[in-house]
There are 2 protein chains.
Amino acid sequence: MFLLKDIFANEKIFIDKEVEVAGWIKNSRFNNNIGFIELNDGTTFRSIQIVVESKLDNFQTISKLLLPSAIIVKGKVVKSLGGKQNFEINASEIVVEGESTDKYPLQKKRHTFEFLRTIQHLRPRANTFNAVFRVRSILSYALHKFFFERGFVYAHTPIITASDAEGAGEMFRVTNLDIDNLPRTNNGEVDFTQDFFSKPTNLTVSGQLEGEAFAMAYRNIYTFGPTFRAENSNTTRHAAEFWMIEPEIAFADLKDVIKLSEDMVKYIIKFVLENAPDEMKFFNDFIDNGLLERLNSVVNSEFKVMTYTEAIEILKSSKENFKYPVEWGVDLKTEHERYICEKIVKGPVFLTDYPKEIKAFYMRLNDDNKTVAATDMLVPGIGELIGGSQREERLEILEQKMKDSNMNIDDYSWYLDLRRFGGTKHGGYGLGFERMLMYLTGMQNIRDVLPFPRTVGLCEF
Amino acid sequence: MFLLKDIFANEKIFIDKEVEVAGWIKNSRFNNNIGFIELNDGTTFRSIQIVVESKLDNFQTISKLLLPSAIIVKGKVVKSLGGKQNFEINASEIVVEGESTDKYPLQKKRHTFEFLRTIQHLRPRANTFNAVFRVRSILSYALHKFFFERGFVYAHTPIITASDAEGAGEMFRVTNLDIDNLPRTNNGEVDFTQDFFSKPTNLTVSGQLEGEAFAMAYRNIYTFGPTFRAENSNTTRHAAEFWMIEPEIAFADLKDVIKLSEDMVKYIIKFVLENAPDEMKFFNDFIDNGLLERLNSVVNSEFKVMTYTEAIEILKSSKENFKYPVEWGVDLKTEHERYICEKIVKGPVFLTDYPKEIKAFYMRLNDDNKTVAATDMLVPGIGELIGGSQREERLEILEQKMKDSNMNIDDYSWYLDLRRFGGTKHGGYGLGFERMLMYLTGMQNIRDVLPFPRTVGLCEF
């Protein structure tokens, strides 16, 4: 049995050959003498035309099959005389593998994305989602390939954690206590010593700290796994469960972090454009007309670098009517980020050296004592795509910053060890996988790039 | 700056060249005139020898550095006159990047694995764990590469789920209710409508069912992600959080499932042997002397196939003194599995067609009405490595099996849809990633192949 992807990739070899293929009926039209089936087997975005002649024993049965019945076809690959396709299969035998019914909710007409979200188990069969989730797969591979080729070690950082999140966001609790009958201490508090891990545990919001431990052993590492936020944000950009990539590099400063993230973004865009040309053309045609031009321009551009302070000056002296006012010290909003990269830089840009007050405790304090060696990568059309920093490697300064953030230093003794025993300059960044995927596909809602999205009030399938 | 992996891989190019490298001191010996530092930068298992002459300004400082201080070295790569190494670096300048202290818990002496488990943030710097987690990374890549080359779509199945586990094991609850002050309904029950997802949710035990939905769209798919069990099993083979690979293939029967898993196992073993030769030699020398011979023999062997019923006959007629008695209908224990593959087959073997009573509801009922189209791959030294099956694609039989398993069919309506609308023969298997890694490295405890293991009572770092 052959896969359609192999036939499409080796057209010349297959012409005039007898083949067996299988797949689902995407479309069909029949008259009394002949029928045409558009068959898709899921291994490629393209469908193949099956020509069905009335001499087939089960011609009548086949002509009545509803979408998306599954069939197995034997026949000859022949050059196509008409139509859009170069070749088609003249069926000599068709076996019905699985029939469909008229209750199939995904009929030929166009459906709204909202409706398709209610049938997540079927929507990968719809063109848009079929393309999205294949690109998701190819993008994952591109990331692994990029880091593997550079000798990075892939670190599986833990999902369940006893850490309190370093203020990165609200966490989900994980427990196997009997919630209807919680054990209590003498003080009446919940007795977590009886929980599975003998203490309270949560779902991770980031693998960075554990990633740093690995970077002190392997120099260059990355994480790629699910992360969680229990934030009650019902927006098109927030999900409770999403995937994140967090590289961490030792003997490296902010410049190295910037260089790595720029190389990575160009590499993965290029890989996806080369390995999913049909899907990317589809997105460009039906989702976002400027997509391919924008992505190609990113691959070929040199990313600019600008300090946060410079950006604030530019924003303040602009005539733009921003919804949120700008002053040195504020966190930039998407409108500001997009203005900088779309109107000023006209391409991707790294902003650097943000005020320490608006950034995390682990970011390295600059000599000005006001800013930290942080960077955000801003891209046209979306704003922030990546956030990174050089990490504070100086033990005393890090301890002071943790105290200033009201953190319990004892809980992070292991993290401080990384500075005590052969610490090095190091840094890293976080890439939200779904945000990258939205950027690549033009899809506007994070629910439409997650196979089975988990958001406030929504956990189906 | 160069990575040591690149210097080792291109020795001839680097000889007589000036280089800059960085890394951690693994070992050093100094007299008044000269010193030798074993430097490792984490990009390769190998260390490079740095020759330090007393003419260096900071010779005294360098000579006193404690393990594992971080340094940056400039110098020339030269052929080595003595010793084990082919070449070394004559240092012309050494900059101290991060000093260590005498409190470093990982001194040169050998430590027990038990002790190293208490310093999970530092143990990747110890030889054994450095090798384990690099092989873990390479094995991950091998899996992605195998499936990508065959056009499989990588499906990120959800971690948080409202499903009740299909009886696969105890689940962890996920909640963001205030556990000290749980909201109650009028009946006094916990009011999960106020929880984040408006209903009770858990951590997934398997992505298979969602994987099946993807297989009905892409034909060939796989999952690779964390899975969870809240089982109170304090053994060397159980962890609460572990990674699993679950391929699912459409238009496929049990034979195809067997073929795919055999191809995969051979491919990934070969890839790891080729891409981690130093680490694999280390495991063979220090962890398990028969390792390389066993792995090479698996790569070159043809896996046998035997029915469960045949295996029971063999076990019953053997003179072996098993701890657990054997009768048709019992679940096989590791002692039985190992006897079959080590003593009878003398190599890997697939057992097939197990009694339906001991297997999951979704496995396809055979025509004998007594067995299901299930298979376990058994390998010498470990027993079961992979469990798979053809899935029940016939709607009525599947519904009956779910009823027999006391499942609530309404909860699985979406899963049944996969049989209603163009269902096909299909199947798949699950590979416990850590079990495969233990098999590859000879490591005996799952806690020692997980970067930050989560087991009963243990959730540190």
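What you see is a predicted model, and the numbers here were worked out from it, not measured in a lab.

Cut-offs and rules
- Residues numbered from 1 in each chain as written.
- Chains lettered and ligands numbered in written order.
- Predicted model: local features only at pLDDT ≥ 70, side-chain atom pairs only at ≥ 80, totals over all residues.
- Heavy atoms only, no water.
- Helix = DSSP H or I, 4+ residues; strand = E, 2+ residues; numbered from the N terminus.
- Buried < 20%, exposed > 50% of the residue type's maximum accessible area, 1.4 Å probe, protein only.
- Areas by Shrake-Rupley, 256 points an atom, 1.4 Å probe, with all protein chains shown as cover.
- Lys, Arg positive; Asp, Glu negative; His and termini not counted.
- Charge placed at Lys NZ, Arg CZ, Asp CG, Glu CD.
- Salt bridge = Lys/Arg side-chain N within 4 Å of Asp/Glu carboxyl O.
- Pairing = 2+ DSSP bridges.
- Axes fitted to C-alpha atoms, helices over the stretch in contact; angles between N-to-C directions.
- Contact = heavy atoms within 4.5 Å.
- Buried area = accessible area lost by both parts, 1.4 Å probe.
- Polar contact = N/O pair within 3.5 Å; in protein donor to acceptor, adjacent residues only side chain to side chain.
- Nonpolar A, V, L, I, M, F, W, Y, C, P; charged D, E, K, R; others polar.
- Domains from an automatic or database assignment.
- Core = buried A, V, L, I, M, F, W, Y, C linked by side-chain atoms within 4.5 Å.
- Phe/Tyr/Trp six-rings, centres within 6.5 Å; stacked < 30°, edge-to-face > 60°.
- Parallel < 35°, antiparallel > 145°, perpendicular 65-115°, else oblique.
- Left-handed = near helix turned anticlockwise from the far one by under 90°.
- Least-squares fit on C-alpha atoms with pLDDT ≥ 70 in both.

Student: Tell me about the overall build of chain A, residues and numbers included.
Tutor: For chain A, the count of helices and strands is 14 helices and 16 strands. By residue count, 60% of the 461 residues in chain A fall in the buried class. Total accessible area on chain A is roughly 18900 Å²; 46% of this is exposed by carbon and sulfur atoms. Side-chain charges of chain A comprise 57 positive and 66 negative groups, with the mean position of each set lying 6 Å from the other.

Student: Requested: an account of the pattern of salt bridges, with residues and values cited.
Tutor: Residues and elements named next belong to chain A. Considering all chains together, one arrives at 50 salt bridges over all chains under this definition. The salt bridge involving Arg136 is made with Glu434; its shortest N-O contact spans 2.8 Å. In this pair, Arg136 is assigned in helix 5 (residues 127-149) and Glu434 in helix 14 (residues 433-441), connecting sequence segments 298 residues apart. Three or more residues are tied together by salt bridges with common partners; here these are Arg117, Arg123 and Asp448.

Student: Describe the sheet that holds strand 3 (residues 48-53) of chain A, and please don't skip the residues or the numbers.
Tutor: The strands making up a sheet associate through hydrogen bonds between their backbones, and the pairing can be parallel or antiparallel. All names here are of chain A. Reading around the circumference, 1-2-3-5-4 is the order of the five strands in this closed barrel, with mixed pairing throughout. Between one strand axis and the next, the sheet turns by 55 degrees as a mean value, whatever way the strands run. Inspection of the sheet shows strand 1 (residues 18-30) paired to strand 2 (residues 34-40) by six bridges, in the antiparallel sense. Paired with Asn27 across the strands is Glu38, a residue of strand 2.

Student: I'd like to hear about the pairing of strand 16 (residues 426-432) of chain B, residue by residue, with values.
Tutor: Residue and element names in this part refer to chain B. For strand 16, a buried count of seven out of seven residues is recorded, marking the element as mostly surrounded by other parts of the structure. What you see with strand 16 is no split at all: His426, Gly428, Gly430 and Gly432 on one side and Gly427, Tyr429 and Leu431 on the other are buried throughout. For strand 11 (residues 241-250) and strand 16, the ladder comprises five bridges, and the chain directions are antiparallel. Pairing of Ile245 across the sheet is with Leu431, part of strand 16. In the sheet, strand 15 (residues 383-390) pairs with strand 16 via five bridges, with the strands oriented antiparallel. Residue pairing across strands places Ser389 opposite Gly428, the latter belonging to strand 16.

Student: So what's going on with the interface of chain B and chain A? Residues and values would help.
Tutor: Many descriptions give the size of an interface as the accessible area lost when the pieces come together. Listed by partner, the interface residues are 114 residues for chain B and 114 residues for chain A. Interface area, chain B with chain A, both sides summed: about 9200 Å², of which 65% is carbon and sulfur. Seen at the junction of chain B and chain A, the total is six salt bridges. Residue B:Glu97 pairs with A:Lys425 through a salt bridge whose shortest N-O separation is 3.3 Å. There are 34 residue pairs in polar contact (both at pLDDT 80 or more) connecting chain B and chain A. Sorting elements by how many residues they give to the side of chain B that touches chain A places helix 5 (residues 127-149) of chain B first, with 13 residues. Across the side of chain B that touches chain A, the residue classes tally to 60 nonpolar, 28 polar and 26 charged. Summarising the sheet, strand 8 (residues 173-175) of chain A and strand 8 (residues 173-175) of chain B pair through three bridges and their orientation is antiparallel. Opposite A:Val174, over in strand 8 of chain B, you have B:Val174 as the bridge partner.

Student: Let's hear about the domain arrangement of chain A: which residues, and what values?
Tutor: All names here are of chain A. Considered domain by domain, chain A is made up of domain 1 (4-98) and domain 2 (127-169 + 205-448). Averaged C-alpha coordinates put domain 1 and domain 2 at centres separated by 46 Å. Counting residues at the interface gives six residues for domain 1 and seven residues for domain 2. In this assembly, domain 1 packs against domain 2 so that about 540 Å² is buried in total across both faces, 45% of it on carbon and sulfur atoms. Per-residue buried area on domain 1 facing domain 2 is highest for Lys26, Phe45 and Arg46; these three make up 79% of the total on that side.

Student: How would you sum up the side chain of B:Ser100? Please name residues and give values.
Tutor: Inspection of the secondary structure assignment puts B:Ser100 in the loop between strand 5 (87-98) and helix 4 (113-117). The class for B:Ser100 is buried, based on a relative accessible area of 8%. Beyond its immediate sequence surroundings of up to four residues, B:Ser100 is in contact with A:Arg420, A:Phe421, A:Gly422, B:Leu66, B:Leu67, B:Pro68 and B:Ser69.

Student: Can you tell me about the environment of A:Val330, naming the residues and giving the values?
Tutor: On the secondary structure map, A:Val330 appears in the loop between helix 10 (308-317) and helix 11 (334-345). If we ignore the near neighbours within four places in the chain, the residues touching A:Val330 are A:Tyr308, A:Pro325 and A:Ile358.

Student: Break down the nonpolar core for me, with residues and values.
Tutor: Residues A:Leu143, A:Met264, A:Ile269, B:Leu143, B:Met264 and B:Ile269 are the most contacted members of the largest nonpolar core, which totals 236 residues. Look past the residues within four positions of A:Leu143 in its chain and what remains in contact with it is A:Phe224, A:Ile245, A:Met264, A:Ile268, A:Leu431 and A:Phe433.

Student: With reference to specific residues and values, describe the packing of aromatic side chains.
Tutor: All chains considered together, the criterion is met by 73 aromatic pairs over all chains. Between A:Phe271 and B:Phe148, the ring centres sit 5.9 Å apart and the planes meet at 45 degrees, which makes this aromatic pair tilted. Separated into two different chains, A:Phe271 in helix 7 (residues 254-275) and B:Phe148 in helix 5 make up a pair that spans both. Using a relative accessible area of 23% as the deciding quantity, one classes B:Phe148 as partly exposed. Note on B:Phe30 and B:Phe59: the rings are 5.5 Å apart at their centroids and 65 degrees apart in plane angle, and the pair reads as edge-to-face.

Student: So what's going on with the packing of helix 9 (residues 291-300) of chain A against helix 14 of chain A? Which residues, and what values?
Tutor: For any two helices packed against each other, one specifies the crossing angle of their axes together with the interaxial distance. Residue and element names in this part refer to chain A. Where helix 9 contacts helix 14, the axes come no closer than 8 Å and their chain directions differ by 120 degrees. Considering their axes alone, helix 9 and helix 14 lie oblique with respect to each other. Contacts from Leu291, Arg294, Leu295 and Val298 in helix 9 reach Tyr439, Leu440 and Thr441 in helix 14.

Student: Kindly report on the packing of helix 5 of chain A against helix 5 of chain B, identifying the contributing residues and their values.
Tutor: At a minimum axis distance of 11 Å, the contact between helix 5 of chain A and helix 5 of chain B shows a crossing angle of 135 degrees. In this view, helix 5 of chain A runs oblique relative to helix 5 of chain B, as classed from their interaxial angle. Handedness of the helix 5 of chain A/helix 5 of chain B crossing: left-handed. Counted together, A:Ile138, A:Tyr141, A:His144, A:Lys145 and A:Phe148 of helix 5 of chain A and B:Ile138, B:Tyr141, B:His144, B:Lys145 and B:Phe148 of helix 5 of chain B form the full contact between these two elements. Its residues assigned to classes, the contact of helix 5 of chain A with helix 5 of chain B comprises six nonpolar, two polar and two charged.

Student: Could you give me a rundown of the pairing of strand 5 of chain B, with the residues and numbers involved?
Tutor: All names here are of chain B. In this sheet, strand 5 lies alongside strand 3 (residues 48-53) in parallel orientation, the contact comprising three bridges. If you follow Val51 over to strand 5, its bridge partner there is Asn90. Relative to strand 5, strand 4 (residues 70-79) runs antiparallel, the two being bridged by ten bridges. Of the residues in strand 5, the one forming a bridge with Lys79 is Phe87.

Student: Give a description of the relation of the copies chain B and chain A that names residues and reports values.
Tutor: In the superposition of chain B on chain A (RMSD 0.0 Å, axial shift 0.0 Å), the rotation amounts to 180 degrees. On this basis, the relationship between the two copies can be described by a two-fold rotation axis. When C-alpha distances to the rotation axis are compared across chain B, the minimum falls at B:Val174, with a value of 2.4 Å. When the interface residues of chain B are mapped onto chain A, 100% of them again fall at the interface, so both copies present the same face.

Student: Which residues make up unusual backbone geometry, and what are the values?
Tutor: All names here are of chain A. Cis geometry is found at the peptide bond from Leu67 to Pro68, where omega equals -15 degrees. For Pro68, the position within the fold is in the loop between helix 3 (59-63) and strand 4 (70-79). The phi angle at Asp16 is positive, at roughly 75 degrees, despite the residue not being glycine. By secondary structure assignment, the location of Asp16 is in the loop between helix 2 (11-14) and strand 1.

Student: Describe the environment of A:Thr424, listing the residues and the values that go with them.
Tutor: Among the structural elements, A:Thr424 can be located in the loop between helix 13 (413-420) and strand 16 (426-432). Using a relative accessible area of 1% as the deciding quantity, one classes A:Thr424 as buried. Sequence spacing of A:Thr424 and A:Met216 is 208 residues, and the spatial spacing of their C-alpha atoms is 7.7 Å. Apart from residues no more than four positions distant in its own chain, A:Thr424 is found in contact with A:Met216, A:Ala250, A:Phe251, A:Glu393, B:Trp24, B:Ala70 and B:Glu97. A polar atom in the side chain of A:Thr424 sits 3.4 Å from the backbone nitrogen of A:Phe251.

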